Amino acid sequence: MDLEISGRVAVVTGASAGIGLAVAREFLANGVAVVIVARDVSRLKAAEAALLEQRSAKVASIAIDVSAPDAAERIVDTAISTFGALDILVNNAGRAHAGGLMSSTEEDWAQMTAVKLTAMRRLCKVAIPHMQKNRWGRIVNMSSIGGIYPNPKLFISHVLSAAINNLTKSLALEVAKDGILVNAIGIGAIATDNWANNMIPAVRRSRPELGALSDDEILSRISAELTPVGRAGSPRDIAAVAAFLSSARNGFVTGDTIEASGGADRFM
Ligand SMILES: NC(=O)c1ccc[n+]([C@@H]2O[C@H](COP(=O)([O-])OP(=O)(O)OC[C@H]3O[C@@H](n4cnc5c(N)ncnc54)[C@H](OP(=O)(O)O)[C@@H]3O)[C@@H](O)[C@H]2O)c1
């Protein structure tokens, strides 16, 4: 299917690895110019170099923490000064926080909220005037199935996911008249560094009987137990959904949180 977005310009936050990198690849394959965002400069530059190997790829990067006070303006300025427009915004930066309310700290809450929710709100606010100018825009916010089916083992992540789903719906209603569609993806278990770094240690603590297994084996075991399709997702599984939601072929889906979880309602 031709997504009819060749020549558009996208910003993808958290695009030096995992899901964000896969989304950037999918956009480039569809002729979209992409600004990738992440904090670690060397990993970001390596991702940029790898993306530029794709045929006719147009890529720029900005190394910044999305929760920095001036991040939204600097990211959007990069898109406008490099490619002259901003049509598509994918708010993907972040990670999971494993643990319940009682084991989480004030700092955990503040840091997670700043990266996942406050930065998302700010980036939408700064990006939307550029989309309104062209009467066309697409925004995709990465959420979690926990925003719909909360799991107390991931308290902060899932409270914030519910807030992201609500932000998405509310914003979609506000900007639909401007040709801008806003959706979220309720992501299930996807094999990325985020899973390995933030989820596997928590699974090892709560399931000591899995202790002898490697990280990959634990992910396979948990996915087989909890995911109806019987496997963990790949970043490409999510990138395919994000690409459709970001495309001109999507003309009628807005305000929705699309579950992309292999049918699962939890992943730990
Ligand atoms: N994987 C899953 O199972 C899963 C499930 C539900 C939801 N999600 C959500 O999907 C999104 C992507 O997850 P992933 O699994 O692909 O993660 P990942 O593999 O760890 O990649 C995260 C990306 O975000 C960047 N990043 C993290 N914090 C940032 C910040 N403050 N400012 C700018 N960039 C930042 C990272 O680079 P730097 O560290 O260099 O900044 C990296 O490029 C996250 O929001 C995550 O919560 C994932």
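About the cut-offs
Residues numbered from 1 in each chain as written. Predicted model: local features only at pLDDT ≥ 70, side-chain atom pairs only at ≥ 80, totals over all residues. Heavy atoms only, no water. Helix = DSSP H or I, 4+ residues; strand = E, 2+ residues; numbered from the N terminus. Rg over C-alpha atoms; globule rule 2.2 N^0.38 Å. Buried < 20%, exposed > 50% of the residue type's maximum accessible area, 1.4 Å probe, protein only. Contact = heavy atoms within 4.5 Å. Areas by Shrake-Rupley, 256 points an atom, 1.4 Å probe, with all protein chains shown as cover. Lys, Arg positive; Asp, Glu negative; His and termini not counted. Charge placed at Lys NZ, Arg CZ, Asp CG, Glu CD. Pairing = 2+ DSSP bridges. Axes fitted to C-alpha atoms, helices over the stretch in contact; angles between N-to-C directions. Near = heavy atom within 4 Å. Polar contact = N/O pair within 3.5 Å; in protein donor to acceptor, adjacent residues only side chain to side chain. 1 Å grid on protein atoms, 1.4 Å probe; cavity = no way out; pocket = protein on both sides within 12 Å on 5 of 7 lines; lining within 4 Å. Sits in = over half its atoms within 2 Å of the grid points. Nonpolar A, V, L, I, M, F, W, Y, C, P; charged D, E, K, R; others polar.

### Examining the overall build of the protein chain
Then comes step 1: Along the backbone of the protein chain there are eight helices and seven strands.
Then comes step 2: The globule rule puts the C-alpha radius of gyration for 268 residues at 18 Å, and the 18 Å found for the protein chain is close to it.
Then comes step 3: Projected onto the principal axes, the alpha-carbon positions of the protein chain cover approximately 55 × 40 × 35 Å.
Then comes step 4: Per-residue burial over the protein chain gives 52% buried out of 268 residues.
Then comes step 5: Relative to all contacts within the protein chain whose residues are 6 or more apart in sequence, the contacts with residues 24 or more apart total 73%.
Then comes step 6: For the protein chain, the accessible area works out to roughly 12000 Å², and carbon and sulfur atoms hold 53% of it.
Then comes step 7: Side chains of the protein chain carry 27 positive and 26 negative charges; the gap between the two charge centres is 3 Å.

### Observations regarding the sheet that holds strand β2 (residues 33-38)
Then comes step 1: On the basis of which strands lie adjacent, the open sheet formed by seven strands has the order β3-β2-β1-β4-β5-β6-β7 and parallel pairing. With partners counted over all chains shown, the strands left at the sheet margins are β3 (59-63) and β7 (257-260), one partner each. Strand after strand, the sheet turns through a mean of 20° between neighbouring axes, direction not considered.
Then comes step 2: Bridge analysis of β2 against β3 gives five bridges, and the strand direction is parallel. Opposite I36, over in β3, you have S61 as the bridge partner.
Then comes step 3: On the sheet, helix α2 (residues 41-52) packs against β2 and β3 and is oriented at approximately 175° with respect to β3.
Then comes step 4: Running over the sheet, helix α5 (residues 155-175) touches β5 (137-144), β6 (180-187) and β7 and is turned about 160° from β5.

### As for the site of the ligand
Then comes step 1: Lining the immediate surroundings of the ligand are 29 residues, of which S16, R39, N92, K116 and T192 lie closest.
Then comes step 2: One of the side-chain nitrogen or oxygen atoms of S16 is found 2.7 Å away from an oxygen atom of the ligand.
Then comes step 3: Here an oxygen atom of the ligand sits 3.3 Å away from a polar atom, N or O, in the side chain of R43.
Then comes step 4: In the complex, 93% of the free accessible area of the ligand, which totals 890 Å², lies under the protein chains.
Then comes step 5: In this structure the site holding the ligand corresponds to the largest pocket.
Then comes step 6: Elements with a contribution of two residues or more to the shell around the ligand: α1 (18-29), α4 (106-134), β5 and α6 (193-206).
Then comes step 7: Here the shell around the ligand gets three residues from one element, more than from any other, and that element is α6.
Then comes step 8: Here the residues of the shell around the ligand sort into 12 nonpolar, 10 polar and seven charged.

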